[in-house]
Amino acid sequence: TINDETVELVQPYFEMEDYTLENGKKVCGNVAGLLSWTKAMVVFYGVNREVLPLKANLAKQEGRLKVANAEKDKAQAELDEKQAELDKVQAKFDAAMKEKMDLENDAETCKRKMQAASALIDGLSGEKVRWTQQSKEFKSQIKRLVGDILLCTGFLSYCGPFNQDFRNLLLKDLWETELREHKIPFSDDLNLISMLVDQPTVSSWCLEDHLSIQNGIIVTKASRYPLLVDPQTQGKAWVINKEQDNELQVNTVLKEGCALLYSFKHYCFRRRL
């Protein structure tokens, strides 16, 4: 019930010199208590006058806060609901993207397979022409096979001791003429090396000239044991290199004996001719 008017009415008493707690105690203890109480009430009124608006504002702000918290809780609930929906949609999106990537990878794999198949089909279409031509060539080759085998066996059996010129003489001028006279078909462009040995084997021999390759064929393909007249030891080196995995043991022969044997054989061949 204290108001500004009440406080204003008691202010003159507070300004009096004898309105103090000490003077009140001198008169009576109850007077001192009343004096102290009046001052306290005035101070309380001054403080409470500033506090009351703050309390009112606090209550008002607490009300606003309560409303704001309620709105916040509602918004949070809506956010959680939307987040749950977003998570579901995101999961569907991720699944769709994975399916898309799988489909793209399958499409790319299928495309590569189609390209490979197309290349294979195109290659086989070209091979069909080659196979047809090769089939015709096989039929012709079969007809010429007897004459080709005769030339190859003659080469293996009789051409070993001779040089390249005389081997060509035997093959081209003598034996092929005989085959023509007896009407035995053979290949005009017969290649003895490709007929008797494959290219990887020739490469492994490390032989460069035509004659040396022919000698290697005779050594490896002839049914009889070959006699190597080798004054320069090229044949010996070739045999050692070829048979090194088989632990071949080589007995050295004097070069003079080899040269003498070579001269004697050469003399016999000339006499025979």
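Each value, and the rule that gives it
- Residues numbered from 1 in each chain as written.
- Predicted model: local features only at pLDDT ≥ 70, side-chain atom pairs only at ≥ 80, totals over all residues.
- Heavy atoms only, no water.
- Domains from an automatic or database assignment.
- UniProt positions renumbered as here; feature names shortened; annotations may be inferred.
- Helix = DSSP H or I, 4+ residues; strand = E, 2+ residues; numbered from the N terminus.
- Expected span 1.5 Å × (residues − 1).
- Polar contact = N/O pair within 3.5 Å; in protein donor to acceptor, adjacent residues only side chain to side chain.
- Buried < 20%, exposed > 50% of the residue type's maximum accessible area, 1.4 Å probe, protein only.
- Lys, Arg positive; Asp, Glu negative; His and termini not counted.
- Salt bridge = Lys/Arg side-chain N within 4 Å of Asp/Glu carboxyl O.
- Contact = heavy atoms within 4.5 Å.

## Considering the domain arrangement of the chain
Splitting the chain by domain gives domain 1 (4-81) and domain 2 (122-227). For domain 1 versus domain 2, the separation of C-alpha centres amounts to 130 Å.

## Let's talk about the UniProt feature "coiled-coil region" (unreviewed entry) in the chain
With numbering aligned to this structure, UniProt lists the feature "coiled-coil region" (unreviewed entry) at residues 58-120. Helix and strand shares over residues 58-120 are 100% and 0% respectively, and the end C-alpha atoms of the span are 88 Å apart.

## Looking at helix α1 (residues 4-15)
The α-helix winds at 3.6 residues per turn, so residues separated by three or four positions along the chain end up facing the same way. Look at α1: 17 Å from first C-alpha to last across twelve residues, which is about the 16 Å you get at 1.5 Å a residue. Put simply, Asn3 is the residue that caps the front of α1, since its side-chain oxygen is 3.2 Å from the backbone nitrogen of Glu5.

## Considerations on the side chain of Asp148
Checked against the element boundaries, Asp148 lands in helix α3 (residues 29-158). Among buried charged residues, Asp148 stands out as having no salt bridge; its nearest opposite-charge side chain is Arg144, 4.6 Å away. For Asp148, the residues in contact, after removing those within four places along its chain, are Phe186, Ser187, Leu190 and Met195.

## Looking at the environment of Phe93
In this fold, Phe93 is placed in helix α3. Between the C-alpha atoms of Phe93 and Gln115, which are 22 residues apart in sequence, the distance is 32 Å.

## So, the pattern of salt bridges
In this structure the tally under the stated criterion is six salt bridges. Glu108 is the salt-bridge partner of Arg112, the closest N and O atoms lying 4.0 Å from each other. Of this pair, Arg112 and Glu108 both sit in helix α3, four residues apart, which is roughly one turn of the helix. Its salt-bridge partner being Lys172, residue Glu176 comes within 3.4 Å of it at the nearest N-O pair. Of the two residues, Glu176 and Lys172 both sit in helix α4 (residues 164-181), four residues apart, roughly one turn of that helix. Under the relative-accessibility criterion, Glu176 is labelled buried at 6%. Relative accessible area serves as the criterion here: at 39%, Lys172 is assigned to the partly exposed category. Taken together, the shared-partner salt bridges in this structure form one network comprising Lys172, Glu176, Arg180 and Asp188.

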